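Read off the chains here:
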Amino acid sequence: MLTSASALTLLSLIGSRAVEATAIGHHRPQSPCTSFMVQVPITAHNHIFDVVLVNNNIDAVNWAVDLDTWNKPAFPKRILENITISRTYDIFATLCISPHGSKASTLQIATHGGGFDSRYWDPSVADEHSWVKAALNAGYSILTYDRIGCGQSSKPNAYTDMQHTTEVEVLRVLTEKVRDGTVQKLAARSHRPLGPPITFDKIIHVGHSMGSIISYALTSLYPNASDAVILTGFLVSSQVFNGRTTAGGREYAPVNDPKLFANHSSGYVVISTPLAFQTGFFSKSTNETTNIGGFKQEFLDYAFSVRQPESVVEMGSGITLVLENPTALQFTGPVQVVLGEFDFIVCRGDCKRTYNMTDVENMFPVAKDVSVHLQPGTGHGLPLHNNATLGFKASLDWLSNQGF
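The rules we used
- Residue indices begin from 1 for each chain and proceed along its sequence in written order.
- Given that this is a predicted model, residues contribute local features only at a pLDDT of at least 70 and side-chain atom pairs are listed and counted only at 80 or more, while totals for whole chains, interfaces and linings are drawn from all residues.
- For the side-chain quantities, the full set of heavy atoms in the structure was used; hydrogens and water were omitted.
- Labels follow the DSSP assignment, with helices taken as runs of H or I lasting at least four residues and strands as runs of E lasting at least two, numbered in each case from the N terminus.
- Each residue gets one of three labels from its accessible area relative to the maximum for its type: buried under 20%, exposed over 50%, partly exposed in between, using a 1.4 Å probe on protein chains only.
- Using a 1.4 Å probe, accessible areas were evaluated by the Shrake-Rupley method; residue-level cover was limited to the displayed protein chains.
- Pairing between strands is defined by DSSP: at least two bridges between them are needed.
- The convention is simple: Lys and Arg are positive, Asp and Glu are negative, and His and the chain ends are not counted.
- Salt bridges, as used here, are contacts in which a Lys or Arg side-chain nitrogen is within 4 Å of a carboxyl oxygen on Asp or Glu.
- Two N or O atoms count as a polar contact when they lie within 3.5 Å, although within protein this holds only if one can serve as hydrogen donor and the other as acceptor, and sequence-adjacent residues are included solely when both atoms are side-chain atoms.
- Contact between two residues is taken to exist if any of their heavy atoms lie within 4.5 Å; hydrogens are not considered.
- Any two rings among Phe, Tyr and Trp, with Trp reduced to its six-membered ring, count as a pair given centres within 6.5 Å; such a pair is stacked if its planes are under 30 degrees apart, edge-to-face if over 60, and tilted if neither.

**Student:** What should I look at first to understand the overall build of the protein chain in this one?
**Tutor:** In terms of helices and strands, the protein chain carries 13 helices and twelve strands. Put simply, the protein chain has 404 residues, and 61% of those count as buried. Accessible surface, the protein chain as shown: approximately 14900 Å² in total, 51% of it carbon and sulfur.

Structure follows, in structure tokens:
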């Protein structure tokens with residue numbers, strides 16, 4: 001169990017009725033992938049939080065100062081009311097089937113974190129920095145999707161809907177519909193069908209940052225949904241136990257870029273500048289032993305060009321969700337936690353001296369295996385650093401060693 005000195009850091013669906021796929025176009029012109037829109041009905045038990053309403057940049061600064069002031073309430077103490085929502089969202093998804101076939105019936109479902117959409121997993125700047133490409137080359141199939149509020153998925157109410165409890169339900173039902181073949185049928189009817197629908201016999205959930213919080217919560221609330229999990233940009237830390245997060249460096253999304261974020265409304269904020277993006281996601285430091293580390297300017301430019309908003313309650317709702325579900329008591333599959341050595345968001349720049357293996361193991365008391373990989377010379381945005389392939393290999397080798 002987590003103690004008063006530890007908990008998770010954040011800082012960081014399809015229903016049985018009316019499922020419709022609309023062709024969007026494939027993710028990469030020459031990749032074994034196809035993209036489609038899926039209507040996703042969910043029901044979630046959420047909260048009304050006491051936060052500053054954000055409708056301009058002055059509000060955005062006021063919101064950040066209010067959250068970061070030391071004597072203001074931590075997020076779990078900001079709950080004003082419990083609510084239940086029932087919604088139908090449009091979710092943009094991309095399914096890729098490995099051409100190698102050796103492990104094609106094992107599917108990875110990848111959930112991106114804050115600041116990005118699903119392009120985090122498949123950056124267009126270089127194939128060697130693509131987790132999607134690495135997974136396919138290792139023989140796995142992979143499903144990526146834009147979380148609500150991001151990319152081409154729905155942009156719902158930022159205060160009532162954009163909470164991690166909602167996003168866990170999206171992932172849960174999406175997973176169920178992969179297992180029953182619904183998603184594969186949608187892919188087969190898409191703009192670029194991949195051939196006859198394939199049956200996936202194993203599902204691995206892969207998350208980054210907020211996506212890791214969502215994937216972790218899935219194992220805690222629905223332990224049979226996953227066969228294995230890889231949680232990147234994710235750490236047990238006393239910061240979350242205290243209910244605190246860091247909110248600076250953001251602007252009201254429609255003001256930051258009126259064209260790019262025209263479909264976002266009240267309560268959506270976005271990382272404001274490339275320098276703010278670098279602070280949270282990138283590190284120029286190198287590992288003392290290997291001299292590996294750093295990143296190229298083009299990767300920072302790319303990350304900022306595809307930046308995505310988040311809601312003013314999103315991070316705090318994740319903190320609250322973790323505190324309400326501090327352990328995955330019944331999850332028996334293997335777990336890998338992946339940390340960038342110099343991750344500023346989850347370790348304040350030094351994960352090597354921050355994480356506690358006992359705390360990590362205590363979160364998954366009956367898991368088959370709990371491992372931590374510390375990626376040398378890397379910040380929070382793991383695929384966008386110079387040694388990305390080393391980290392990919394470490395996770396894919398771990399999966400193979402676990403029998404996947």
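**Student:** Where do I start with the sheet that holds strand β10 (residues 310–311) in this structure?
**Tutor:** To summarise the sheet geometry, strands pair through backbone hydrogen bonds and adopt either a parallel or an antiparallel arrangement. Ordered by their spatial adjacency, three strands build an open sheet running β8-β9-β10, and the pairing between neighbours is antiparallel. The sheet is open, and its two borders are formed by β8 (250–252) and β10, each paired with just one other strand. Pairing of β8 with strand β9 (residues 268–271) involves three bridges; the strand directions are antiparallel. Among the inter-strand pairings, Arg250 is bridged to a residue of β9, identified as Ile271.

**Student:** Sorry if this is basic, but what is going on with the side chain of Asp146 here?
**Tutor:** Looking at the secondary structure, you find Asp146 in the loop between β5 (140–145) and α3 (164–179). Nearest to the buried, unbridged Asp146 among oppositely charged side chains is Arg119, at 6.4 Å. Polar side-chain contacts of Asp146 include one of 2.9 Å to the backbone nitrogen of Gln152. Look past the residues within four positions of Asp146 in its chain and what remains in contact with it is Ile91, Phe92, His112, Asp117, Ser118, Gly151, Gln152 and Ser153.

**Student:** Before we go on, may I ask you to explain the packing of aromatic side chains in this structure?
**Tutor:** How two aromatic rings sit relative to each other is set out by the distance from centre to centre and by the angle between their planes. Enumeration over the complete set of coordinates arrives at ten aromatic pairs. For the ring pair Tyr216 and Phe234, a centre distance of 6.0 Å and an interplane angle of 40° mean the geometry is tilted. On the criterion of sequence distance, the pair formed by Tyr216 in helix α5 (residues 210–221) and Phe234 in the loop between β7 (228–232) and α6 (238–241) is long-range, its members being 18 residues apart. Each member of the pair, Tyr216 together with Phe234, is buried. For the pair Phe277 and Phe281, a centre-to-centre distance of 4.8 Å together with 35° between the ring planes defines the contact as tilted. Here Phe277 pairs with Phe281, and both are found in helix α8 (residues 274–281), just four residues apart, close to one helical turn. The burial state of Phe277 is the same as that of Phe281; both residues are buried. The rings of Phe116, Tyr120, Trp121, Phe277 and Phe281 are connected pair by pair, giving a single aromatic cluster.

**Student:** How should the environment of Ser311 be read in this particular structure?
**Tutor:** By the secondary structure assignment, Ser311 is in strand β10. Here the alpha-carbon distance between Ser311 and Ala158, two residues 153 residues apart in the chain, equals 5.1 Å. Contacts of Ser311, omitting those with residues within four sequence positions, involve Ala158, Met162, Gly267 and Tyr268. In this structure the side chain of Ser311 is engaged in a polar contact, spanning 3.1 Å, whose partner is the backbone oxygen of Met162. A polar contact of 3.0 Å, which involves the side chain of Ser311, links it to the backbone nitrogen of Glu314.

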